[in-house]
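Structure assessment
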Amino acid sequence: MRISLNWLRELVEIKLSPEELAETLTMAGFEVEDIEDRRTWANGVVVGKVLERQPHPNADKLSVCQVDIGAGETLNIVCGAANVKADIYVPVATTGTYLPNIDLKIKPAKLRGVPSQGMICSLKELGLPTDVDGIHIFTQENLPLGSDVRPLLGLDDVILDLTATANRADALSMVGVAREVAALTGGKLSIPEPGEVSITKSAANLALKIADTQACPAYIGTVIEQVKIAPSPEWLQQRLRAAGVRPISNVVDITNYVLLEWGQPLHAFDCDRLKSVAGSENLTIGVRFVNNGESLKTLDGQTRSLSTQNLLITANDKPVALAGVMGGEETEVHEGTQSLVLEAALFDSVAIRRSSRSAGLRSEASGRYERGVNSAELEIANRRALSLISELASGILVQQEIADTRPDPSTWSRSIALRLDRVNQILGPIDLGEDTGELQGQDVERILTALGCKLTASGEDSNSQPTWSVSVPPYRYRDLEREIDLIEEIARLYGYNRFCDTLPETTEGGYLSLDEELIRKLRAFLRAEGLTELIHYSLVKPGEDRQIVLSNPLFAEYSALRNDLLSGLIDAFQYNLEQGNGALNGFEIGKIFWREEDGLQETEALAGIIGGDRTVGKWSKSGREEPITWFEAKGILESVFRQLALQVEFQPDRRDDRLHPGRTASLWIRGNRLGIFGQLHPQLRREKGLPDSVYVFQLDLDVLLESLGQDEILVPIFQPYSTYPASDRDIAFFAPVKISVAEIQKVITKAGKDLLESVELFDEYRGENVPEGQRSLAFRLVYRASDRTLTEAEVEPVHNKVREALVEKFGVNLRS
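So, how was this worked out
- Residues numbered from 1 in each chain as written.
- Predicted model: local features only at pLDDT ≥ 70, side-chain atom pairs only at ≥ 80, totals over all residues.
- Heavy atoms only, no water.
- Helix = DSSP H or I, 4+ residues; strand = E, 2+ residues; numbered from the N terminus.
- Rg over C-alpha atoms; globule rule 2.2 N^0.38 Å.
- Buried < 20%, exposed > 50% of the residue type's maximum accessible area, 1.4 Å probe, protein only.
- Contact = heavy atoms within 4.5 Å.
- 1 Å grid on protein atoms, 1.4 Å probe; cavity = no way out; pocket = protein on both sides within 12 Å on 5 of 7 lines; lining within 4 Å.
- Points joined across faces, edges and corners; volume = space filled by probe spheres on them.
- Nonpolar A, V, L, I, M, F, W, Y, C, P; charged D, E, K, R; others polar.
- Axes fitted to C-alpha atoms, helices over the stretch in contact; angles between N-to-C directions.
- Parallel < 35°, antiparallel > 145°, perpendicular 65-115°, else oblique.
- Left-handed = near helix turned anticlockwise from the far one by under 90°.
- Salt bridge = Lys/Arg side-chain N within 4 Å of Asp/Glu carboxyl O.
- Patch = residues over 30% accessible without salt bridge, like charges linked within 9 Å, V, L, I, M, F, W, Y side chains within 5 Å.
- Areas by Shrake-Rupley, 256 points an atom, 1.4 Å probe, with all protein chains shown as cover.
- Phe/Tyr/Trp six-rings, centres within 6.5 Å; stacked < 30°, edge-to-face > 60°.
- Lys NZ or Arg CZ within 6 Å of the ring centre and 35° of its normal.
- Pairing = 2+ DSSP bridges.
- Arc of directions from axis to C-beta.

Glancing now at the overall build of the chain. In terms of helices and strands, the chain carries 21 helices and 42 strands. The C-alpha radius of gyration of the chain comes to 41 Å, more than 25% above the 28 Å expected for a compact globule of 816 residues. Along the longest, intermediate and shortest principal axes, the C-alpha atoms of the chain span 135 × 80 × 65 Å. Looking at the 816 residues of the chain, the share that counts as buried comes to 47%. Long-range contacts, defined as pairs at least 24 residues apart, comprise 67% of the intrachain contacts of the chain with a sequence gap of at least 6.

Here it is as C-alpha cells:
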C-alpha cells in the first residue's frame, strides 16, 4: 500500500524523517519497499502567470510567451503546448532546474531563433499522471507569483510503498497504519470521528433481502438524491494520486478515499439505473449466490460467466454487482447520475476469496475482504462517506436500510490471559548494554496499551510473576487470538534487535534417523538400477473406491487424495511416450491415503514402473527394439532386495485388475505382505497406447523399513568364503504348472540346508513329450562345505533327500 506522509501526519504525530520512519516500520514487520520523495520532482518549479502569448515567427506549432514569475523581470519562454494562452497561472521551471522524471536540466536556449528562459510544464513532466495534453493550468485565482508549486500539486510529499503481512488486514488502511505508527513511536493519534448524518425522509422505496447471512452478515444501503457529479476538489485528487488511484468523479473518488482511509470497501450505484434493471420503482437490494447460467458485465467492460461460488448483489433478484469484488457496468455512476444507492457491507472472507478466484478477478475491495474487514468500524466508514457526499456532491440522504446479523458487539473483542513469566521464557533476556535483564511488567503494559489493548491485572502465577487479562481491540480481533500472539507483538514493538543472541549451552552434530538413512540407501540402489526418481502431486481426480475427497478443493481435477502411486506412474509413462521421450523407467516414494470404516488412513509407499528397451547400442540389433522381459524386470527388484540383504518371496496374485492375471506376483517378507509386482493388463495397455511389456511394482514402505530395521540386517555378520571346491548336481523333473518355482526352491533349500549352497533354475520346457498340465524344470544345485572337500558319499545322500522331498511334497516325475 502506498502511504502519503502528508496524509499520515494528519492522522498521527510524526517526528521521524521519512527514512527513519521507513526503517522503524520495516523493523516492526511492515516492509517499506520504496521511498518515493516527490519533493525532488519539482524543486525549482514556481508559479508563473502568462502575460502575453504570440505565435512563433519561424514555427507554426510554437508560441512565444511573456511569463511573470514575480522576479521583477518577465521571462521570454517558447512553448509548444496548444492550450497556452494569456492570463493563466502555470508551473514554470526556471533556468537551472532539474526535472528527474524526464531527465532534463533547464538551460537558456534558442528555439528556432527565439531565446527561451525556462519551460512551462505539464503534469507529466512533473511526474504526475494526467489525461490532459499540454501544459498544466492552475484553477486557483490570484496565486502568489514565484511561489513553490509543490504544495499546489501535492509534490511536497513523500510516499512510502509499504507491504503488510497477510495477517494484518488492519494495516491496509491509513487509519490502521497511523495506529501502528503511534504504537511504534508514541505519537499522538488524531483519527477523524465522523458525526451523525441526518436523513431526510422521502418517498424512496428501498428494501433489503439478504439470502445468505453468513456470507453477508451486515449490509447498509443508503439512498441519496439531488447528487451533482463533478470533479473532486484538488486535495482529494492529490491524495488518490499519491495512493496510486486515478481520480474519476467526486462520488467514486469518495468511495475510494474511504477505502484507503478506513479499509472499508464501498460501492455507489446509480439509483435510477438500478430501478431500470429492476423494472420497478420499488427497489429490493439482495445478496445471494449465483444461479446456474447467470452472467454479469463488470466495470472493466468484460461480460463474465459466473459460477455458483460467486456472490451477487441483485436489484429485484437481477445481478447488478459481484459482491465484494467489482460493480456492474449497467448500474455504474456516470456524469448524469442524480441519485445514488451507497452500499456499505461486510462479506465473509472465504466467500469473497472463492468468488474472486472463480471469476479470475481481483480488486482493491476483494483484497481487503479476503483478509478480513473490521466489522466494528462499518458504520464509521459509512458515515464518513455519507458526510463527504453531502459536502462535496450536495447529496441529500433520503432513506437508509440496515440488515445486521452480526453477533453482539461485546463479542467483537476477546480476552487473553498473559503471563510475564511466559513472555520472558519465550523471548529470552534483553540487552541492557553491559548487562542483561528481563522485560518488566511496565514494559508489557506500555506496549500492549499502545496497541489499543486494555490490560487488567489478574494476580500472580506460581513464580510470583504478574499475570493480566488482555482485552484485544476489535480492529485486531482477527490476528490476536492467543497468548503467543501477544508475546509476538511485545517482541515486535520492543524491538527484535534489543533481545540478546543466545546459543544452546552445548551443540551436537546433526544426524539422520534410521528410517531416513534406510530410505536414502534405498533411493541410491534404485537409481543404480537405472530408475529415475519421480514426484507427483498427492491430489488427483476423484472417482476411485475408498478415495478421500476434499471439501474445499482448488480445482476439480485435484479434488481427491491419491490412494496409490501406480496411477500417477502409468500416466507419466504415457505422457513421456506421447512427448517422444521414449519409455520411462522410474520410481516414486510418497504418501497414499484411503478411507476405512474406522476413519481415514495414510501411509508411505514405494512404487516403480519399468518398460521399453533398456539396452544401449541398437545398431548391434539392426535397430530392433528388445522389450524388457518379466524376468528382467523382476531381476531389477531382486537386485535391490539382494543389496538390502532381504529375503523376499514372490507368490502368484491376481487381485489388481490393472495387472496381467498370469504375470502378477505378491511380495512377502517373513509372512508380511510387502507389495505387488506385475505386468500391465493388455486391455489397460491398449487404452493408454503403451508398449507390450510394461511392469509396475508398489511396496509398503513401513513393512520394508521394519524388515530393514532388524538387527541381523543392520549389523551384518561376516561369513568366511570357503576355500574348498563345490560339487554341482542337476535335477530335472515334470511338475504341475500350478506349482510355482518359488515353492519348489523353498522345499529344495529346506531339504539340503546342511550342505546346499545355492539352487538355480536353468531350464523350463513345455510342449512335445511333456504331459498336459505340466512343465519340465531343471535346477542346478551347488553343494559346498567350509572345512573340507566334499566326497561323493557325502553329497549323494543329501541330493537323494532333496529328490525324495520333491516327490513327497509335489508328486513330481523325476527325469534325472
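This paragraph deals with the layout of surface pockets. Looking at the second largest pocket, its volume works out to about 1,600 Å³. Forming the boundary of the second largest pocket are 46 residues, of which Asn-563, Asp-564, Leu-565, Ser-567 and Arg-658 lie nearest the centre. Among the secondary structure elements, those contributing two or more residues to the lining of the second largest pocket are β30 (539–540), α15 (566–578), β33 (586–596), β34 (599–611), β37 (672–680), α17 (682–688) and β38 (694–700). For the lining of the second largest pocket, the leading source of residues is α15, giving six residues. Grouping the constituent residues of the lining of the second largest pocket by class yields 16 nonpolar, 11 polar and 19 charged.

Okay, the packing of helix α6 (residues 250–262) against helix α10 (residues 378–392) next. With their axes 10 Å apart at the nearest point, α6 and α10 run at an angle of 150° to one another. Regarding the angle of α6 to α10, the classification is roughly antiparallel. Of the two elements, α6 crosses α10, and the hand of that crossing is right-handed. Along its contact with α6, which presents Asn-250, Ile-254, Tyr-257, Val-258, Glu-261 and Trp-262, the element α10 presents Ile-380, Ala-381, Arg-384, Ala-385, Leu-388, Ile-389 and Leu-392. Classifying every residue of the contact of α6 with α10 by side-chain character gives 10 nonpolar, one polar and two charged.

Our next topic: the pattern of salt bridges. All chains considered together, the criterion is met by 49 salt bridges. Between Arg-168 and Glu-180 there is a salt bridge, with its nearest N and O atoms 3.0 Å apart. One end of the pair, Arg-168, is in the loop between β12 (158–163) and α4 (174–185); the other, Glu-180, is in helix α4, with 12 residues separating them in the sequence. An identical accessibility class is assigned to Arg-168 and Glu-180; each is buried. Residue Asp-443 pairs with Arg-446 through a salt bridge whose shortest N-O separation is 3.8 Å. Residue Asp-443 and its partner Arg-446 are located together in helix α12 (residues 441–450), separated by three residues, close to a single helical turn. With relative accessibility at 16%, the residue Asp-443 sits in the buried group. Look at the salt bridges and you will find they share partners, linking Arg-168, Asp-170, Glu-180, Arg-476, Asp-479, Glu-489 and Arg-492 into a network.

To continue, consider a nonpolar patch on the surface. Taken together, the side chains of Tyr-537, Leu-554, Phe-555 and Tyr-558 define a hydrophobic patch exposed on the protein surface, amounting to about 490 Å² of accessible area. Examined against the element boundaries, Phe-555 turns out to sit in the loop between β31 (548–549) and β32 (560–561).

Our next topic: unusual backbone geometry. Non-glycine residue Gln-226 carries a positive phi angle of around 55°. On the secondary structure map, Gln-226 appears in the loop between β14 (218–225) and α5 (234–242). Judged by relative accessible area, Gln-226 falls into the exposed class, the value being 53%. In the Ramachandran plot, Arg-670 falls in the positive-phi region, its phi being about 50° despite a non-glycine side chain.

Right, let's talk about the packing of aromatic side chains for a bit. On inspection of all chains with the given rule, the structure shows 10 aromatic pairs. Centroid distance Trp-630 to Phe-631: 5.7 Å. Interplanar angle 80°. Geometry classified as edge-to-face. The exposure class assigned to Phe-631 is exposed, which follows from its relative accessible area of 64%. Feature note: the residues Trp-630, Phe-631, Phe-650, Phe-677 and Tyr-695 constitute an aromatic cluster, connected by ring pairs. Of note, Arg-414 hangs over the ring of Tyr-477, and the distance from its end group to the ring centre comes to 3.9 Å.

Taken in spatial order, the four strands line up as β40-β41-β39-β42 in an open sheet, and their pairing is antiparallel. Strands with a single pairing partner mark the edges of an open sheet, and in this sheet they are β40 (756–765) and β42 (813–814). As defined by bridge partners, strand β39 (residues 727–736) adjoins strand β41 (residues 774–783) across 10 bridges and the pair is classed as antiparallel. Considered in β41, the bridge of Asp-728 is made with Val-782.

Turning our eyes to something else, we now look at helix α11 (residues 420–427). Of all the residues in α11, the buried ones are Leu-420, Val-423, Asn-424 and Leu-427. Projection of α11 onto a plane perpendicular to its axis shows the buried side chains occupying an angular sector of 90°, all on one side. Buried residues along α11 sit in contact with β24 (415–419), α12, β28 (466–471) and α13 (483–494). In the segment just after α11, Gly-428 is the residue with positive phi, at about 80°.

The next thing to look at is the sheet that holds strand β11 (residues 119–120). Judged by pairing direction, the sheet is antiparallel, and its five strands sit side by side in the order β5-β4-β3-β6-β11 without closing on themselves. Pairing within the sheet leaves two strands with one partner each, and these edge strands are β5 (75–79) and β11. Bridging between strand β3 (residues 45–55) and strand β4 (residues 63–68) involves six bridges; their strand directions are antiparallel. Looking at the pairing, Val-50 lines up with Val-67 of β4.

As for its position among the elements, Arg-383 is in helix α10. Excluding residues that lie within four positions of it along the chain, Arg-383 makes contacts with Pro-194, Gly-195, Glu-196 and Val-197.

Structurally, Arg-658 can be placed in the loop between β35 (649–652) and β36 (659–669). We classify Arg-658 as partly exposed; its relative accessible area is 23%. Taking the C-alpha atoms as reference points, Arg-658 and Gly-678, separated by 20 residues in sequence, lie 9.4 Å from one another. Look past the residues within four positions of Arg-658 in its chain and what remains in contact with it is Asp-564, Leu-566, Ser-567, Leu-680, His-681 and Leu-684.

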